[in-house]
Structures are given as C-alpha cells and as structure tokens.
Amino acid sequence: IELFSGLEVYQLGRRFYHILDNLALAPLLVAPVLLLSGLARWFAIAVAVAHLISHVLTDFGSQPKIHQLRILKKLPLEQHILVDLGVGSASAWMVLHLDEQDGMGELGKMFYTGLALGIALASPLLSGRLLAYCRPGDQPS
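As the structure is a prediction and not an experimental result, all values here were calculated from the model.

A few words on the overall build of the chain. A tally of regular secondary structure across the chain gives four helices and four strands. Secondary structure of the chain in N-to-C order comes out as β-β-α-α-β-β-α-α. The buried share of the chain, reckoned over its 141 residues, is 34%. In the chain, of all internal contacts separated by at least 6 residues, the share reaching a separation of at least 24 is 69%. A total accessible area of about 8400 Å² is found for the chain, and carbon and sulfur atoms account for 69% of it.

Confidence along the chain averages 83 in pLDDT terms, with 77% of residues attaining 70 or more. Ranking the elements of the chain by mean pLDDT puts strand β1 (residues 2-4) last with 53 and helix α2 (residues 38-57) first with 95.

With that settled, the discussion passes to the packing of aromatic side chains. As enumerated under the stated definition, the model contains two aromatic pairs in all. With a centroid separation of 5.1 Å and 45 degrees between ring planes, the pair formed by Phe43 and Trp93 is classed as tilted. Taken as a pair, Phe43 in helix α2 and Trp93 in helix α3 (residues 77-97) lie far apart in primary sequence, 50 residues in all. The class for Phe43 is partly exposed, based on a relative accessible area of 30%. Judged by its relative accessible area of 38%, Trp93 falls in the partly exposed class.

So, about the packing of helix α1 (residues 14-35) against α3. In a packed pair of helices, the relevant descriptors are the angle between the two axes and the axis-to-axis distance. Packing of α1 against α3 leaves a shortest axis separation of 13 Å and a crossing angle of 40 degrees. Of the possible angle classes, the one that applies to α1 and α3 is oblique. The crossing of α1 and α3 is left-handed. Between α1 and α3, the contacting residues are Arg14, Tyr17, Asp21 and Leu28 on the first element and Leu77, Glu78, His80, Ile81, Asp84 and Val87 on the second. Residues of the contact of α1 with α3, tallied by class, amount to five nonpolar, one polar and four charged.

For Gln101, the position within the fold is in the loop between α3 and α4 (106-134). Each C-alpha atom, one on Gln101 and one on Ser37, is 9.3 Å from the other, the two residues being 64 residues apart in sequence.

Turning next to the packing of α2 against α3. Direction vectors running N to C along α2 and α3 enclose 170 degrees, while the axes themselves pass 10 Å from each other. What the angle tells us is that α2 and α3 run roughly antiparallel. Contacts from Ala40, Phe43, Ala44, Val47, Ala50, His51, Ser54 and His55 of α2 reach α3 at His80, Val83, Asp84, Val87, Ala90, Trp93 and Met94. A breakdown of the residues in the contact of α2 with α3 according to their chemical character gives ten nonpolar, four polar and one charged.

Core analysis: the biggest nonpolar cluster contains 16 residues, and Leu36, Val87, Met94, Met104, Tyr112 and Leu115 have the highest contact counts within it. Sorting the residues of this core by element identifies α1, α2, α3 and α4 as the ones contributing at least two each. When residues no more than four places from it in sequence are discounted, the contact partners of Leu36 are Ala31, Arg41, Ala44, Met94, Gly103, Met104, Gly108 and Tyr112. One finds Tyr17, Leu77, Ile81 and Leu126 within the second-largest nonpolar core, a separate group that totals seven residues.

Cut-offs applied
- Residues numbered from 1 in each chain as written.
- Predicted model: local features only at pLDDT ≥ 70, side-chain atom pairs only at ≥ 80, totals over all residues.
- Heavy atoms only, no water.
- Helix = DSSP H or I, 4+ residues; strand = E, 2+ residues; numbered from the N terminus.
- Buried < 20%, exposed > 50% of the residue type's maximum accessible area, 1.4 Å probe, protein only.
- Contact = heavy atoms within 4.5 Å.
- Areas by Shrake-Rupley, 256 points an atom, 1.4 Å probe, with all protein chains shown as cover.
- pLDDT = per-residue confidence, 0-100.
- Phe/Tyr/Trp six-rings, centres within 6.5 Å; stacked < 30°, edge-to-face > 60°.
- Axes fitted to C-alpha atoms, helices over the stretch in contact; angles between N-to-C directions.
- Parallel < 35°, antiparallel > 145°, perpendicular 65-115°, else oblique.
- Left-handed = near helix turned anticlockwise from the far one by under 90°.
- Nonpolar A, V, L, I, M, F, W, Y, C, P; charged D, E, K, R; others polar.
- Core = buried A, V, L, I, M, F, W, Y, C linked by side-chain atoms within 4.5 Å.

So this is what it looks like as structure tokens:
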C-alpha cells in the first residue's frame, strides 16, 4: 500500500493473518498450564483470554459463512492488531520481570521470549496494516 507519494508499506493479508492468529490460539491457551505456575500462570492466562475474546469479536473478513452470522458487531482487524502487539509486550514483560519465585521457569522463559520476538519481528507488517487503516479515505483489504 502506498501511504504517500513514494512511501510504500507492506502488510499481511487478511486470510494469512487469520490463519496465523488461529495457529496462535492453542499455544497461548495451553502454554500457561504446561509451562508456568503461580503469578506467571495467572497473568499469562489473562493475556490469553483477552486475546481469545478479541479474536472471537474480530472481523477477519475471511471466516466461513457460518461464522459470519452478525449476532455481535465485529471489531475491525486493525483493532485486534493492537491486542496482538499487547500480547507481545506482555510476553516481553513476563520474560524480563518474572522469575522462578513467580512461576516463570526456563521453558516458560524460552516460549515467551520466542513469542515476544516473533511478534516484534512481525510488527512492521502489522504496523503497515495499521498505517494504511489510519490513512484518510483508504481502508485496507
């Protein structure tokens, strides 16, 4: 998408983003139970549930027809991107500030470090969609 004359940004397509987000649901929900305990577990579960709620309420534009029933007004994908960036930030916070006493073991640190780095590496593509969404008169597809 060209934002301004000569300035182009790249973004993930809606379908690919939906696939990635679906693939992230299970590890986000299972990892706290298997890898963490105490405060770390409850914090990670809260982050995972917040992501799950946002995922269910998001209009990815690529759901099967049965999922497109308009019981609730769906949120735009760009608002869910902010939640995904928040998951990355929460993961980084957990790695940097929680330790064994809080229930964050070595395997938990490895998993959440990978999650934080993965989201950080994808953030230029996520931000590209946000920038395109914020541009007056143009909504990303």
